[in-house]
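Chain by chain, the residues:
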2 protein chains.
Amino acid sequence: MRDDIHMMQKLREAGLSPTPQRVAIGEILLGRPQHMTAEQVHARVSTEIRPVSLATVYNTLKAFVEKGLLREVVVDPGRVYYDSTVANHHHFYNVETGELTDIPADQVNIAGLPVLPRGAEVAGVDVIIRIRPTH
Amino acid sequence: MRDDIHMMQKLREAGLSPTPQRVAIGEILLGRPQHMTAEQVHARVSTEIRPVSLATVYNTLKAFVEKGLLREVVVDPGRVYYDSTVANHHHFYNVETGELTDIPADQVNIAGLPVLPRGAEVAGVDVIIRIRPTH
DNA sequence: GTAGTTGCAAAGTGTTTGCAGGCAG
DNA sequence: CTGCCTGCAAACACTTTGCAACTAC
């Protein structure tokens, strides 16, 4: 189908051979803004498209991150979220539900970056606004 | 010694009974700005003051966080840093060395917080500037 | 053939838990 | 006594690794 072909193209452009497993994972995760854990990807790909081993999910997510198709978000100890939006932006993290929401980069204005330690360059800036339901 | 007495007082004020283990952990970790993992606390307390089990270190760190003596910093999947500075501030994280450095709150100016999701309140704002050595 | 990929199971890492024994009030 | 605290060992959750079978070119 057409989606598959687009995904295969996308993977090739990123420098990855488009195996069925990678295409399936790409279909689920890439293409629309989304935050998922490895487990969630594994569950959805396996039930909706084809069985894929958890090891392959981890391998593939790692490869996607390396190739810039995906971003890791660290908000919770012992759990990595994969974010299909790679452009510069930030996050709300609901500490009660674990839900992660995007904040467009232009809605957070960091005025005046502090002086960096000597011999260091910025690798990335993460802003995480932890929220909880009002009681 | 005097330090112990001050630490015992501090723990009591926080609502914790000042057991020898808690005092020892407090001596190592509280009192000066510092970022340590549970393992590091365990190693330093055990060699410098007294043997303490890892389970007790975890219990104690959790208790300290609950009582507001300590803050958790999540920058790396599968590893929690404990930060003895509880006042509002931010962090540099050196992605190559794992070193964590404080940024005073007034050096990062977040202009214009984005609109919160309905029925939510801010639980905390984390700014992590990931840095790496220049090559 | 040869290099890259998959998937199982085993190993690893950091953290939490169950529970028996100890200690303080 | 009674309730909290400690520490051992086992359990856990998530992730990585070793390796043999497989696939594509």
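From a predicted model like this one, the values you see are computed outputs, not experimental measurements.

S.K.: So what about the overall build of chain A? Which residues, and what values?
M.R.: From N to C terminus, chain A includes four helices and seven strands. For chain A, the α and β elements follow one another from N to C terminus as α-α-β-α-α-β-β-β-β-β-β. Oriented by its inertia axes, the alpha-carbon framework of chain A measures out at about 50 × 45 × 25 Å. Burial status across chain A gives 40% buried among its 135 residues. Looking at chain A alone, contacts between residues at least 24 apart form 44% of all its contacts between residues at least 6 apart.

S.K.: Which residues make up the interface of chain B and chain A, and what are the values?
M.R.: Each partner contributes residues to the interface: chain B has 35 residues there, and chain A has 35 residues. Each partner contributes to the roughly 3100 Å² buried at the junction of chain B and chain A, and carbon and sulfur atoms together form 60% of this total. Applying the counting rule to chain B against chain A returns four salt bridges. In this structure, R132 of chain B engages E121 of chain A in a salt bridge whose closest nitrogen and oxygen atoms are separated by 2.8 Å. Counting the contacts that link chain B with chain A gives 14 residue pairs in polar contact (both at pLDDT 80 or more). When residues of the side of chain B that touches chain A are traced back to their parent elements, those giving at least two are β2 (71-76), β6 (109-111) and β7 (120-133) of chain B. In terms of residues, the side of chain B that touches chain A owes the most to one element, β7 of chain B, which gives 14 residues. Taken together, the 13 bridges between strand β7 (residues 120-133) of chain A and β7 of chain B define a ladder with antiparallel strand orientation.

S.K.: Which residues make up the protein's contact with DNA strand D, and what values go with them?
M.R.: Inspection of the region around DNA strand D gives 15 residues, with Y58 and G78 of chain A together with S17, T19 and S53 of chain B positioned closest. A share of 83% of the atoms of DNA strand D within 4 Å of the protein falls on sugar and phosphate groups. One of the side-chain N or O atoms of Y58 of chain A is found 2.4 Å from a phosphate oxygen in DNA strand D. The contact in question runs from a phosphate oxygen of DNA strand D to an N or O atom on the backbone of S53 of chain B, over 3.2 Å. When residues of the surface near DNA strand D are traced back to their parent elements, those giving at least two are α4 (54-66) and β3 (79-83) of chain A together with α2 (20-29) and α4 (54-66) of chain B.

S.K.: Any details on the confidence of the model for chain A? Residues and values, ideally.
M.R.: Averaged over every residue, the pLDDT of chain A is 93; the share at 70 or more is 98%. The least confident element of chain A is strand β6 (residues 109-111) of chain A, whose mean pLDDT is 75; the most confident is α4 of chain A, at 98.

S.K.: If you had to explain the sheet that holds strand β5 (residues 100-104) of chain B to someone new, which residues and values would you point to?
M.R.: Read across the sheet, six strands follow the order β5(A)-β4(A)-β7(A)-β7(B)-β4(B)-β5(B) without closing on themselves; strand pairing throughout is mixed. Each end of this open sheet is capped by a strand with a single partner; those strands are β5 (100-104) of chain A together with β5 of chain B. Neighbouring strand axes in the sheet, compared pairwise and without regard to direction, differ in orientation by 30° on average. Of the pairings in the sheet, the one linking strand β4 (residues 89-94) of chain A to β5 of chain A comprises five bridges and is antiparallel in character. Following the sheet pairing, H89 of chain A is matched in β5 of chain A by P104 of chain A.

S.K.: Can you tell me about the relation of the copies chain B and chain A, naming the residues and giving the values?
M.R.: Mapping chain B onto chain A calls for a rotation angle of 180° and an axial translation of 0.0 Å; the resulting RMSD is 0.0 Å. Expressed as an axis order, the relation between the two copies is that of a two-fold axis. Of all interface residues in chain B, 100% are interface residues in chain A too; the two copies therefore contact each other through one and the same surface.

The rules behind the values
- Residues numbered from 1 in each chain as written.
- Chains lettered and ligands numbered in written order.
- Predicted model: local features only at pLDDT ≥ 70, side-chain atom pairs only at ≥ 80, totals over all residues.
- Heavy atoms only, no water.
- Helix = DSSP H or I, 4+ residues; strand = E, 2+ residues; numbered from the N terminus.
- Buried < 20%, exposed > 50% of the residue type's maximum accessible area, 1.4 Å probe, protein only.
- Contact = heavy atoms within 4.5 Å.
- Buried area = accessible area lost by both parts, 1.4 Å probe.
- Salt bridge = Lys/Arg side-chain N within 4 Å of Asp/Glu carboxyl O.
- Polar contact = N/O pair within 3.5 Å; in protein donor to acceptor, adjacent residues only side chain to side chain.
- Pairing = 2+ DSSP bridges.
- Near = heavy atom within 4 Å.
- pLDDT = per-residue confidence, 0-100.
- Axes fitted to C-alpha atoms, helices over the stretch in contact; angles between N-to-C directions.
- Least-squares fit on C-alpha atoms with pLDDT ≥ 70 in both.

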